[in-house]
2 protein chains.
Amino acid sequence: MLKPETRKPGSDGVSPVERLHALVAADMTATDKLIHGRMGSAVSLIPDLARHLIDSGGKRLRPMLTLAAARMGGYTGDKHINLAAAVEFIHTATLLHDDVVDASTLRRGKVAANLVWGNKATVLVGDFLFSRAFQLMVETGSLRVLDILAGASAVIAEGEVMQLKSESNLATTEEHYLKVVGAKTAALFAAAAESGATLCERGASFVEALRRYGENLGVAFQLVDDALDYSGRQAMMGKAVGDDFREAKVTLPVILAYARADAKAGAFWKRVIEGGPQGEADLEQAITYVEGTGAIQETMTRARHYADNAVAALEPLVHSETRAALSDIADFCVERAY
Amino acid sequence: MLKPETRKPGSDGVSPVERLHALVAADMTATDKLIHGRMGSAVSLIPDLARHLIDSGGKRLRPMLTLAAARMGGYTGDKHINLAAAVEFIHTATLLHDDVVDASTLRRGKVAANLVWGNKATVLVGDFLFSRAFQLMVETGSLRVLDILAGASAVIAEGEVMQLKSESNLATTEEHYLKVVGAKTAALFAAAAESGATLCERGASFVEALRRYGENLGVAFQLVDDALDYSGRQAMMGKAVGDDFREAKVTLPVILAYARADAKAGAFWKRVIEGGPQGEADLEQAITYVEGTGAIQETMTRARHYADNAVAALEPLVHSETRAALSDIADFCVERAY
């Protein structure tokens, strides 16, 4: 395990995500250039709409995993740039389709694409980016990489469909929820790291270590995300909360809070998640219940478990700045929430 | 050119599509089996929704082109089965996404999937099938085939986005319309034939002939489809007409009818295509205008041109029953409309 002091984010004012970004800066610049080049089309609505999401300040965490994995394996070619761009395109396509299907109104603080351009264009631009992702992968000439990312894409879609079942459904179990998270989020984190590692000639255990890192980081990341959506502190800091609540998604904080609810709280959850429209004060009440039952804390404890797994997955690998940054990102992912 | 009598559809009661189907029957059975196997998922909503469209009696024309091309090239392996299933999955994914985005209510006479399962699930099942298509292609081990179909998928999405521009827009030019048709329909016909041909070791001119056949057949097919949507005869036969009209799509029959409209007809088109809601009698009026201006006939004349190109593309190839059936399909595609 890393020493506690190296885990502290921001002790030098630099988060481990920024540290990793600096380590792969040249590759990330090349990836960004490729992303902007390949999202182009003579049909101008496509880059206009794609840019809305791609340039909205996302951290590029997934493509960074691809670049970091390739770097850790001593890869000296340039196929990892294609892969990283492909991973970001798949992620963006998923977000675009998610915007449409969930009728969500905000994504990264901007008005969701479907509200500006309509559902129609949003779905189709997602399809375009998804196709571009496969074109980028074909250019690498690696069938293994295509296999990994095509498989992950199918699993992501399965995860999103599974999630539909749990919407407005308080009977959703923790087991179902974890399956959804494993599919809709962790599969792409895992594939991003695995595909980058595959480019290196470092053998199966190297690839598997990075795949497991990505998978566990992905679960931790989603658990924290779902916890923060009910965080009163987050709300006080002026950050958006309540997206999941408004969409009646049954995430772990709700599953845990509902399991611990008294009659009054139980009736509340029934009404706001399974019943009719929510009122103005309902989100605040939901946050109070989620925090009061320790559901946030417990969700974070689970996230900590997966973050530890992610860190442990990297331990057999040779120590390097990149490995340290990846480890610290797993810790940071959980600690940012406290 | 083929002799006229061989072109006649139905002189022996068997359409050339049925003849081609019989020629590739064993491969088509294997393809259908693979399609049904691979649309499966532990997430039961996925096969339930996919089956709704896949088992709704589509002719499987696109995968048949793949199988026919492989057969013509003397291909003896089994990768064409994977490819044919992949082509059908891409087609199905496109239809599912089209159902969502166009809010269309009927597809092949059944209630559209989005009205039964909702937009959300419909988009995601499309994504799942699209991913499965790429998995099937990866299994063939042919990067060339992946390149062809990933490229076609991007072009299809571009075509669908281009089409958005022409919706409710009477300024749409014939040139724009043909670009849309080339991208949203002909690209997949071309890729279906080209990818099947690529499996054979028959050289570039063989592949190019089949690609050109597919492309021209695709344009002819779409032109006929767009003409029939305004066909009074079709309406009298109890077949659905007016889908494009209700969606205010500006297809060639409308472009031509509008170009020839007098003041009264011009005002009508402005109101029903660019204006507010359509009334009960508007479709009948639209058909009268389209037929009265010769716009149907002229659309069919253009279709004939592309069908002839398709037939001509095959002429350099060795004569065979399969080649004859493909030629006849191009003719039949246009003649079925008279």
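Here the structure is shown first, and the text comes after it.
Residues numbered from 1 in each chain as written. Chains lettered and ligands numbered in written order. Predicted model: local features only at pLDDT ≥ 70, side-chain atom pairs only at ≥ 80, totals over all residues. Heavy atoms only, no water.

Caption draft 1: Expanded view of the overall build of chain A. Each helix and strand counted, chain A has 17 helices and two strands in total. The C-alpha atoms of chain A give a radius of gyration of 20 Å, which matches the 20 Å a tight globule of 338 residues would have. Projected onto the principal axes, the alpha-carbon positions of chain A cover approximately 60 × 50 × 35 Å. Partitioning the intrachain contacts of chain A with sequence separation of at least 6 by distance along the chain shows that 76% fall at a separation of at least 24. Surface summary for chain A: the accessible area is close to 12,900 Å², and the carbon and sulfur share equals 53%. Averaging the coordinates of the 36 positive side-chain charges in chain A and doing the same for the 43 negative ones gives two points 2 Å apart. (Helix = DSSP H or I, 4+ residues; strand = E, 2+ residues; numbered from the N terminus. Rg over C-alpha atoms; globule rule 2.2 N^0.38 Å. Contact = heavy atoms within 4.5 Å. Areas by Shrake-Rupley, 256 points an atom, 1.4 Å probe, with all protein chains shown as cover. Lys, Arg positive; Asp, Glu negative; His and termini not counted. Charge placed at Lys NZ, Arg CZ, Asp CG, Glu CD.)

Caption draft 2: Looking closely at the packing of aromatic side chains. Scanning all chains against the criterion turns up 14 aromatic pairs over all chains. For the pair F134 of chain A and F134 of chain B, a centre-to-centre distance of 3.9 Å together with 20° between the ring planes defines the contact as stacked. On the criterion of chain membership, the pair formed by F134 of chain A in helix α7 (residues 113-140) and F134 of chain B in helix α7 (residues 113-140) is interchain, its members lying in two chains. The pair formed by F134 of chain A and F134 of chain B is uniform in burial state, with each residue classed as buried. Between Y230 of chain B and F245 of chain B the ring centres are 6.2 Å apart and the planes differ by 85°, which places this aromatic pair in the edge-to-face class. Here F245 of chain B lies in helix α12 (residues 243-246) and Y230 of chain B lies in the loop between α10 (204-228) and α11 (232-236), a separation of 15 residues in the sequence. Both residues of the pair, Y230 of chain B and F245 of chain B, count as buried. Feature note: the residues F130 and F134 of chain A together with F130 and F134 of chain B constitute an aromatic cluster, connected by ring pairs. The ring of F206 of chain A carries R202 of chain A above its face, with NZ or CZ at 4.7 Å from the centroid. (Phe/Tyr/Trp six-rings, centres within 6.5 Å; stacked < 30°, edge-to-face > 60°. Buried < 20%, exposed > 50% of the residue type's maximum accessible area, 1.4 Å probe, protein only. Lys NZ or Arg CZ within 6 Å of the ring centre and 35° of its normal.)

Caption draft 3: Summary view of the packing of helix α8 (residues 143-166) of chain A against helix α9 (residues 174-198) of chain A. Residue and element names in this part refer to chain A. Interaxial distance between α8 and α9 falls to 8 Å at its minimum, and their mutual angle equals 165°. The angle between α8 and α9 places the two elements in the roughly antiparallel class. Where α8 crosses over α9, the handedness of that crossing is left-handed. (Axes fitted to C-alpha atoms, helices over the stretch in contact; angles between N-to-C directions. Parallel < 35°, antiparallel > 145°, perpendicular 65-115°, else oblique. Left-handed = near helix turned anticlockwise from the far one by under 90°.)

Caption draft 4: Representation of the interface of chain A and chain B within the structure. Taken together, the contact between chain A and chain B spans 37 residues of the former and 37 residues of the latter. Regarding the contact of chain A and chain B, the summed buried area is about 3,400 Å², with carbon and sulfur atoms giving 77% of it. Run the count over chain A and chain B and you get two salt bridges. A salt bridge links E167 of chain A to K120 of chain B, with the nearest nitrogen and oxygen atoms 2.5 Å apart. If you look at where chain A meets chain B, you find eight residue pairs in polar contact (both at pLDDT 80 or more). Sort the elements by how many residues they give to the side of chain A that touches chain B and α7 of chain A lands first, with 14 residues. Residues that form the side of chain A that touches chain B fall into these classes: 21 nonpolar, eight polar and eight charged. (Buried area = accessible area lost by both parts, 1.4 Å probe. Salt bridge = Lys/Arg side-chain N within 4 Å of Asp/Glu carboxyl O. Polar contact = N/O pair within 3.5 Å; in protein donor to acceptor, adjacent residues only side chain to side chain. Nonpolar A, V, L, I, M, F, W, Y, C, P; charged D, E, K, R; others polar.)

Caption draft 5: Fine view of the pattern of salt bridges. Residues and elements named next belong to chain A. The tally for this structure, following the rule as stated, stands at 40 salt bridges over all chains. The partner of R246 in a salt bridge is D243, with the nearest N and O atoms 3.1 Å apart. Placement of both R246 and D243 in helix α12 (residues 243-246) is noted, with a separation of three residues, approximately one turn of the helix. With a relative accessible area of 26%, D243 lands in the partly exposed category.

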